[in-house]
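Architecture at a glance
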Amino acid sequence: MSTGVAPAPLSYVRVRGGGIGFTRSVDFAKVLAVPATLRSGSSRARALVVRSSATDSDTMEMEPASEGSQLLVPKQKYCESIHQTRRRKTRTVMVGNVPMGSDHPIRIQTMTTSDTKDVAKTVEEVMRIADKGADFVRITVQGKREADACFDIKNTLVQKNYNIPLVADIHFAPAIALRVAECFDKIRVNPGNFADRRAQFEQLEYTEEDYEKELEHIQKVFTPLVEKCKKYGRAMRIGTNHGSLSDRIMSYYGDSPRGMVESALEFARICRSLDFHNFVFSMKASNPVVMVQAYRLLVAEMYNLGWDYPLHLGVTEAGEGEDGRMKSAIGIGTLLMDGLGDTIRVSLTEPPEEEIDPCSRLAKLGTQAANLQIGVAPFEEKHRRYFDFQRRSGQLPLQKEGEVVDYRGVLHRDGSVLMSVSLDQLKAPELLYKSLATKLVVGMPFKDLATVDSILLRELPPVEDAQARLALKRLVDISMGVLTPLSEQLTKPLPHAIVLVTLDELSSDSIKLLPEGTRFAVTLRGDESYEQLDVLKSADNITMLLHNVPYGEEKTGRVQTARRLFEYLETNSLNFPVIHHIDFPQSIDRDGLVIGAGANVGALLVDGLGDGLLLEATNQEFEFLRDTSFNLLQGCRMRNTKTEYVSCPSCGRTLFDLQEISAEIREKTSHLPGVSIAIMGCIVNGPGEMADADFGYVGGAPGKIDLYVGKTVVQRGIAMEGATDALIQLIKDHGRWVDPPVEE
């Protein structure tokens, strides 16, 4: 038997040289057993069992985060159920007179953008937000003058009969937090910069003694605020931000979800040691995939520890318009579908009251799913990895000997977009080609970077309709797939079409009437019996599966049925590509479609489950559906087809008009796929917030802009009048610029 010392919760455990190694220890637990399978290097072994003196649980079982991963994570649930949406049970936290937690509605909040020192303007903004239906309002408080203004803001609102709880947003200012805790209802602290210095992205080396001294420093700085919040009955949010982890945390845990969790737990342990429990956690990131992983890791740790603190959900720096709503829907919606989340904010580069509607839609989506406990019959899940991204890539179509058309382009390796096309659209072929985002050369279509990969024709044109048939032939010739139902193909056969069949049709005699070598797309729900699904094992020429649960089925969960389907495929070594298919009802509006698609499809793609999507909505424009599909793939860090923007939502710290400047930069740079640009009103969250960005445009001082390449500032103090041109020149200097395409 091997023994050793590990922290509880086990913060970061690595297999080293056939043994167990630990980065550091806080509370101690003893490793009771290390299975021989782990010592021999098996990555799929159950790693170890520990007995912890610091948790309510006697044992904690660990396993690799993914196959081959050196990171061991708790072998424990991260949500109440993987086959049903059940809201995670959390304690009630009081924010002013508003209770938050699983016994209460999902709370909605946003943040003011006005200068906090401008009391009248801030009060007006808070009232406008409250009238829109927000439960809380956050206000940035960066200095003494802002803290003093907070008393006037609170008093003025009370005089106007507005008792909405106010939240102070604190960075780098423990003394200011102490001051404002006397009047505001909740204090948001950022563990990355409350007691630690701003990150310099330096790799630091610590002895155990050095690290303990750092923790003692944090406790000394943070304790007075905890005691004051306890005295005044204030709430607190321990709000980790991926962009502002300290060098100390990153040196130990990397710039990672694990580092985000550990940064928050350090502060939570101090709260608990002082018997203060009126706090919530958040794990925000601009990348929805990172954000989801961080929240899951945090909740898994809390399950092991027996903690029940609520969660504030949000994707930070999401941007504006449909992009911002899509990123937020992917991150927040994914967690809501697993029953996680007690308050949410959708961070948009728009007026703050515009955030309330998407917040409300997401809260309603999560509440309905949890109230109905939508899902699927219980099943065992062995293959999905919750804590680190590992994409399951379906086998792309292969070309077979004797085939006269090229099927290899009907799906895309980075994620496919399928669109439903009507007979009316075939009447104007060139307009159809343009709406599919093909390049046109003398009226002939050719695939481009963001061209639709395949189309679904629910009805084929008559055989004698030569123009429509020619239009389809030209699409097939550029390797675009044309899917059509079995009944249509039997009565009006289209050469080289991919035939859409059900599971029953796949095993029927009808398909024997089709030419040999016909390719199939199989539509299924995912909740069929395993005996029904077994027909997939013996079927030939399956090009893809379309997962489709009719929209609005009250008890059947789209996310859970898909997980069951993927588990079946992996268990049986079936590598068919899977397309997520949603047919929205006539009543759906644009925002509802974006949020519904982001939450239902994004929740699967962030786990690497799926190879593309097909969105249908007869009342929505074709181009909108196409663009939304590509936005969803890009938001899930799959197929990159346009410029990516990391754009903060503005607050009282912002040093320029974010909405105006963001629109100006987008207008001049939106044609640069593969390039990521951060547009930040200030640098309070640190350069790490631009971790995903190639270039950064950041407010450095009033009227002055700093330009970044990655996390490194390369030009300071540029006058705003020429800053956008300077950004473009910087992109050119690094060889990332191309001229905008010329319209034909």
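Report follows, based on the coordinates. Note that the structure is a prediction, hence the values are computed from the model and not measured. (Residues numbered from 1 in each chain as written. Predicted model: local features only at pLDDT ≥ 70, side-chain atom pairs only at ≥ 80, totals over all residues. Heavy atoms only, no water.)

Tallying secondary structure elements over the protein gives 23 helices and 32 strands in all. Counting all 744 residues of the protein, 61% fall into the buried class. Taking the contacts inside the protein whose residues are at least 6 apart along the sequence as the reference set, 69% of them involve residues at least 24 apart. Summing over all exposed atoms, the protein offers an accessible surface of approximately 28100 Å²; the carbon and sulfur share of this is 49%. (Helix = DSSP H or I, 4+ residues; strand = E, 2+ residues; numbered from the N terminus. Buried < 20%, exposed > 50% of the residue type's maximum accessible area, 1.4 Å probe, protein only. Contact = heavy atoms within 4.5 Å. Areas by Shrake-Rupley, 256 points an atom, 1.4 Å probe, with all protein chains shown as cover.)

Turning our attention to the nonpolar core. One finds Met-236, Phe-281 and Leu-536 to be the most contacted residues of the largest nonpolar core, which totals 128 residues. When residues of this core are assigned to their parent elements, the largest contribution, 12 residues, is made by helix H8 (residues 288-305). Every residue in contact with Met-236, bar those within four places of it in the chain, is listed here: Lys-186, Ile-187, Val-189, Phe-222, Leu-225, Val-226, Cys-229, Cys-271, Phe-276, Asn-278, Phe-279 and Val-280. Within the second largest apolar cluster, 59 residues are counted, among which are Tyr-407, Tyr-433, Val-452 and Leu-457. (Core = buried A, V, L, I, M, F, W, Y, C linked by side-chain atoms within 4.5 Å.)

All right, on to the sheet that holds strand S30 (residues 695-701) then. Judged by pairing direction, the sheet is mixed, and its five strands sit side by side in the order S28-S29-S30-S31-S32 without closing on themselves. Sheet topology places strand S28 (644-647) and strand S32 (712-719) at the edges, where each strand pairs with a single neighbour. Strand-to-strand, the axes of this sheet are offset by a mean angle of 20°, without reference to chain direction. Running over the sheet, helix H23 (residues 720-733) touches strand S29 (676-680), S30, strand S31 (704-709) and S32 and is turned about 150° from S32. (Pairing = 2+ DSSP bridges. Axes fitted to C-alpha atoms, helices over the stretch in contact; angles between N-to-C directions.)

Let us now look at the environment of Glu-322. Among the structural elements, Glu-322 can be located in helix H9 (residues 321-337). In this structure, the C-alpha to C-alpha distance between Glu-322 and Ile-595, residues 273 residues apart in sequence, is 9.2 Å. Among all residues touching Glu-322, those that are not within four sequence positions of it are Arg-590, Val-594 and Phe-624.

In this structure, Val-315 sits in the loop between strand S16 (312-313) and H9. Not counting chain neighbours up to four residues away, the residues in contact with Val-315 comprise Ala-285, Ser-286, Pro-288, Met-291, Lys-327, Ser-328, Gly-331, Ile-332 and Ser-347.

Direction vectors running N to C along helix H22 (residues 658-669) and H23 enclose 30°, while the axes themselves pass 11 Å from each other. One element, H22, and the other, H23, form an angle in the roughly parallel class. As H22 packs across H23, the resulting crossing turns out to be right-handed. From H22, Ile-661, Glu-664, Ile-665, Lys-668 and Thr-669 reach across to H23, where they touch Met-720, Thr-724, Asp-725, Leu-727 and Ile-728. Split into classes, the residues belonging to the contact of H22 with H23 amount to five nonpolar, two polar and three charged. (Parallel < 35°, antiparallel > 145°, perpendicular 65-115°, else oblique. Left-handed = near helix turned anticlockwise from the far one by under 90°. Nonpolar A, V, L, I, M, F, W, Y, C, P; charged D, E, K, R; others polar.)

Within the secondary structure layout, Thr-240 lies in strand S14 (residues 235-241). In terms of polar contacts, Thr-240 uses its side chain to reach the backbone carbonyl oxygen of Met-260, at 3.3 Å. Thr-240 has contacts with Asn-190, Pro-191, Leu-245, Met-260, Ser-263, Ala-264, Ser-282, Met-283 and Lys-284, leaving out every residue within four places of it along the chain. (Polar contact = N/O pair within 3.5 Å; in protein donor to acceptor, adjacent residues only side chain to side chain.)

Looking now at the packing of H9 against helix H10 (residues 356-372). Running from amino to carboxyl end, H9 crosses H10 at an angle of 25°, the nearest separation of the two axes being 10 Å. Comparing the axis directions of H9 and H10 gives the class roughly parallel. Crossing geometry of H9 relative to H10 is assigned as right-handed. Across the interface between the two elements, Arg-325, Ser-328, Ala-329, Ile-332, Gly-333, Leu-336 and Met-337 from H9 touch Pro-358, Leu-362, Leu-365, Gly-366 and Ala-369 from H10. Per-class residue counts for the contact of H9 with H10 are eight nonpolar, three polar and one charged.

Turning our attention to the pattern of salt bridges. All told, the structure shown has 53 salt bridges when counted by the stated rule. Via salt bridges that share partners, Arg-296, Asp-338, Glu-381, Arg-384, Arg-563 and Asp-607 belong to a single interconnected network. (Salt bridge = Lys/Arg side-chain N within 4 Å of Asp/Glu carboxyl O.)

What follows is about empty space enclosed by the protein. As enumerated under the stated definition, the model contains six cavities of 30 Å³ or more in all. The space that makes up the second largest cavity amounts to roughly 110 Å³. Lining the second largest cavity are 12 residues, and of these Asp-323, Lys-327, Asn-631, Lys-642 and Glu-644 lie nearest its centre. Elements supplying a minimum of two residues to the lining of the second largest cavity: H9, helix H21 (622-635) and S28. Residues of the lining of the second largest cavity, tallied by class, amount to three nonpolar, four polar and five charged. (1 Å grid on protein atoms, 1.4 Å probe; cavity = no way out; pocket = protein on both sides within 12 Å on 5 of 7 lines; lining within 4 Å. Points joined across faces, edges and corners; volume = space filled by probe spheres on them.)

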